[in-house]
Amino acid sequence: MCAAPDAASADLVVLNTCTVTSSADADARHAIRRIHRENPNAKVLVTGCFAQRAPEELAALEGVDWVVGNSHKTQIARIVLGAPRTEEFHGQIVIGDIQHSREFLAAPVIDAYGDRTRPNLKVQDGCSNKCSFCIIPSVRGLSRSAPLASIVEQVQGLAERYREVVLSGINLGRWGRDLPGELRFPHLLRAILRDTGIQRIRISSVEPMDWSAELLELMAGEPRIAQHIHIPLQSGSDAVLKRMFRKYRTRHYASRLDLAHGLMPDAGIGADVMTGFPGENDVEFNETVRFIENRPFTYLHVFTYSERPGTHAAQSTEQVPISLRRERTAILRELSDRKNADFCRRMVGRTLSAVTLGNESALTGNFLRVQLSKPRAVNEIVDIEIGAAGPGQLKERELLQIIAI
Ligand code: SF4
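Our subject in this report is the structure included herewith. (Residues numbered from 1 in each chain as written. Predicted model: local features only at pLDDT ≥ 70, side-chain atom pairs only at ≥ 80, totals over all residues. Heavy atoms only, no water.)

### With respect to the packing of aromatic side chains
Counted under the stated rule, the structure contains six aromatic pairs. Centre to centre, the rings of phenylalanine 133 and phenylalanine 277 are 6.3 Å apart; their planes meet at 85°, and the pair counts as edge-to-face. In this pair, phenylalanine 133 is assigned in the loop between β5 (120-125) and α5 (136-140) and phenylalanine 277 in the loop between β10 (268-275) and α11 (282-293), connecting sequence segments 144 residues apart. Across the pair, exposure class does not vary: phenylalanine 133 and phenylalanine 277 are buried alike. When the centroid spacing of 5.7 Å and the interplanar angle of 75° are considered together, the rings of phenylalanine 277 and tyrosine 305 count as edge-to-face. Separated by 28 residues along the polypeptide, phenylalanine 277 in the loop between β10 and α11 and tyrosine 305 in the loop between β11 (299-304) and α12 (322-347) bring together distant segments of the chain. Since its relative accessible area comes to 2%, tyrosine 305 is described here as buried. Through pairs of rings, three or more aromatic residues link up here, namely Tyr248, Tyr253, Phe291 and Phe297. Above the face of the phenylalanine 291 ring, arginine 295 is positioned so that its terminal group lies 4.0 Å from the ring centre. (Phe/Tyr/Trp six-rings, centres within 6.5 Å; stacked < 30°, edge-to-face > 60°. Helix = DSSP H or I, 4+ residues; strand = E, 2+ residues; numbered from the N terminus. Buried < 20%, exposed > 50% of the residue type's maximum accessible area, 1.4 Å probe, protein only. Lys NZ or Arg CZ within 6 Å of the ring centre and 35° of its normal.)

### A closer look at the nonpolar core
Ranked by internal contacts, the top residues of the largest apolar core, which has 63 residues, are Phe185, Ile203, Ile229 and Phe297. Sort the elements by how many residues they give to this core and helix α7 (residues 185-195) lands first, with six residues. One finds Ile32, Ala42, Ala59 and Leu61 within the second-largest nonpolar core, a separate group that totals 19 residues. (Core = buried A, V, L, I, M, F, W, Y, C linked by side-chain atoms within 4.5 Å.)

### Here we look at the packing of α11 against α12
Interaxial distance between α11 and α12 falls to 11 Å at its minimum, and their mutual angle equals 10°. As far as their axial angle goes, α12 and α11 are roughly parallel. From α11, Asp282, Phe285, Thr288, Val289, Ile292 and Glu293 reach across to α12, where they touch Arg328, Ile331, Leu332, Leu335, Arg338 and Lys339. Per-class residue counts for the contact of α11 with α12 are six nonpolar, one polar and five charged. (Axes fitted to C-alpha atoms, helices over the stretch in contact; angles between N-to-C directions. Parallel < 35°, antiparallel > 145°, perpendicular 65-115°, else oblique. Contact = heavy atoms within 4.5 Å. Nonpolar A, V, L, I, M, F, W, Y, C, P; charged D, E, K, R; others polar.)

### A closer look at α12
Every α-helix winds through 3.6 residues per turn, so residues three or four apart in the chain are directed the same way. Under the 1.5 Å per step criterion, the end-to-end length of α12 is 37 Å for 26 residues, consistent within 8% with the ideal 38 Å. The complete set of buried residues in α12 reads Arg325, Arg328, Thr329, Leu332, Leu335, Ser336, Lys339, Asn340, Phe343, Cys344 and Met347. Elements in contact with the buried residues of α12: β10, α11, β11, β12 (351-356), β15 (381-390) and β16 (393-396). Positive phi appears at glycine 349, one or two residues downstream of α12, with a value of about 95°. (Expected span 1.5 Å × (residues − 1).)

Pasting the structure below:
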């Protein structure tokens, strides 16, 4: 068996789905229809979070041969190779109760896949929180951590070919809490720094209260950790945060942000923000706008709220009209663009460390894309002098050519 170059020429297509928003569901349905239309002879196996949430809905789609929940992802090879059917594998749908899963299960990462220079290493799965809008805990189960030794070994392997590794998880800051020995996320970072030769570690996203002083001080004092802090905010209104069942209020969030910015004034600081959560009125939305305007964010990921079946928020009778949700999303995206442009302008004249990507571009430690002024080898860490700020990215300073006559 070998990997086909694309779905159109494959005998078997395994589609890993997301279900975090209704548009993620729509994308998955669209992908299944396209695969079946372009390659009707291919067997199609659908797995991931949508499969875990609504297996029957997916099994009813034309062209789907198997639906395998997150609970049985590691059994996919056995399922497609026709392991004798047992009580467990009783037909097209293979699914179990993910809430019983206590083990961290993920294939080892040995490559950077689509992005040739920055492999993404998942070190934590699941979430034990219960935010009222979120489907993730019901499809991924409780928080589980990859063992420290296996992470260090994988990072060491990746360090032989890559300069930057991104550590990721569903609730990354909870890494270690389920492992013996009172381990916390900073322990993992220290072990990676001590026992591997990786040149840059990037931390993908950590919930506000897990950005501890210990973690931020470690980042601030360690040049091998990218100065990039992603802190999900969701709302700048305490009333909305309360209805979301978030575990912090704006003052807690602001204190972590202030500490981060004080320690690392040039760090890239991003946040996830949700618009149109049930009951969000103009006053609450404007609180969010003001909160963001007054703080040193350098980019936002803005999500329009969408009802996820089975969640507490989906049952609210105060759903915000879709058109208003979208209007608010547009306002925050415009604010994000402005803040990002200000940050880019502030970087002009600086020399920033960046990892080179394809297409003559590079990604700085503080999460800005730079257009290079000359071709450079891909997958190197280089110092780049910033000459100008364009929309959404920086430009490397062009070197003046002095021609002797
Ligand atoms: S912390 Fe994140 S993943 Fe966990 S329930 Fe809340 S939004 Fe979902």
